[in-house]
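Analysis of the macromolecular model
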Amino acid sequence: MPFNCYLCNEETVITSYFCSDCNYIKRILQCYGREEIKNIITKVCIRNQKQMENKIEIIKDKIEKPKKKEEKKEEKGDESYLSLNTDLMKELKNKLK
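Residues numbered from 1 in each chain as written. Predicted model: local features only at pLDDT ≥ 70, side-chain atom pairs only at ≥ 80, totals over all residues. Heavy atoms only, no water.

This paragraph deals with a nonpolar patch on the surface. A contiguous nonpolar surface patch, about 530 Å² in accessible area, is contributed by Leu 7, Tyr 24, Ile 25, Ile 28 and Tyr 32. Within the fold, Ile 28 resides in helix 1 (residues 20-32). For Ile 28, a relative accessible area of 30% puts it in the partly exposed group. (Patch = residues over 30% accessible without salt bridge, like charges linked within 9 Å, V, L, I, M, F, W, Y side chains within 5 Å. Areas by Shrake-Rupley, 256 points an atom, 1.4 Å probe, with all protein chains shown as cover. Salt bridge = Lys/Arg side-chain N within 4 Å of Asp/Glu carboxyl O. Helix = DSSP H or I, 4+ residues; strand = E, 2+ residues; numbered from the N terminus. Buried < 20%, exposed > 50% of the residue type's maximum accessible area, 1.4 Å probe, protein only.)

In this section: the confidence of the model for the protein chain. Chain-level statistics for the protein chain give a pLDDT mean of 80 and a share of 79% at 70 or above. The spread of mean pLDDT over the elements of the protein chain runs between helix 3 (residues 49-96), the lowest at 71, and helix 1, the highest at 94. (pLDDT = per-residue confidence, 0-100.)

Here we come to helix 1. One turn of the α-helix equals 3.6 residues, which is why residues spaced by three or four share an orientation. Between its first and last C-alpha atoms helix 1 spans 19 Å; for 13 residues at 1.5 Å apiece the expected length is 18 Å, and the two agree. Positive backbone phi, at 95°, marks Gly 33, one or two positions downstream of helix 1. (Expected span 1.5 Å × (residues − 1).)

Within this structure, the stated rule accounts for 1 aromatic pair. Pairing Tyr 6 with Tyr 17 gives two aromatic rings, centres 4.7 Å apart and planes at 45°, and the pair type is tilted. Linking Tyr 6 in the loop between strand 1 (3-4) and strand 2 (12-13) with Tyr 17 in the loop between strand 2 and helix 1, this pair joins segments that are 11 residues apart in sequence. Given the relative accessible area of 54%, Tyr 6 is considered exposed. The exposed category is assigned to Tyr 17, whose relative accessible area is 54%. (Phe/Tyr/Trp six-rings, centres within 6.5 Å; stacked < 30°, edge-to-face > 60°.)

Written as structure tokens, this is what we have:
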């Protein structure tokens, strides 16, 4: 009779309680110990409030800086485009005369 994996509860297993991925995790847990793995997961995967705020600020800066650069490029691009067009128009008018 097949069962779901006891850890992930996603994969169906027949011969053991854990699927192959969860069995791998279980072996790592046995090698390093429960407390060591718990500390690693807490430091790497779980963010505290200060870390979340820093991440939000970093993302905000990345979003705002490209917008400012684009605005500057658009301003310069628009001016040069207009001056280029007026110069071309003058040349064309002179040629048509």
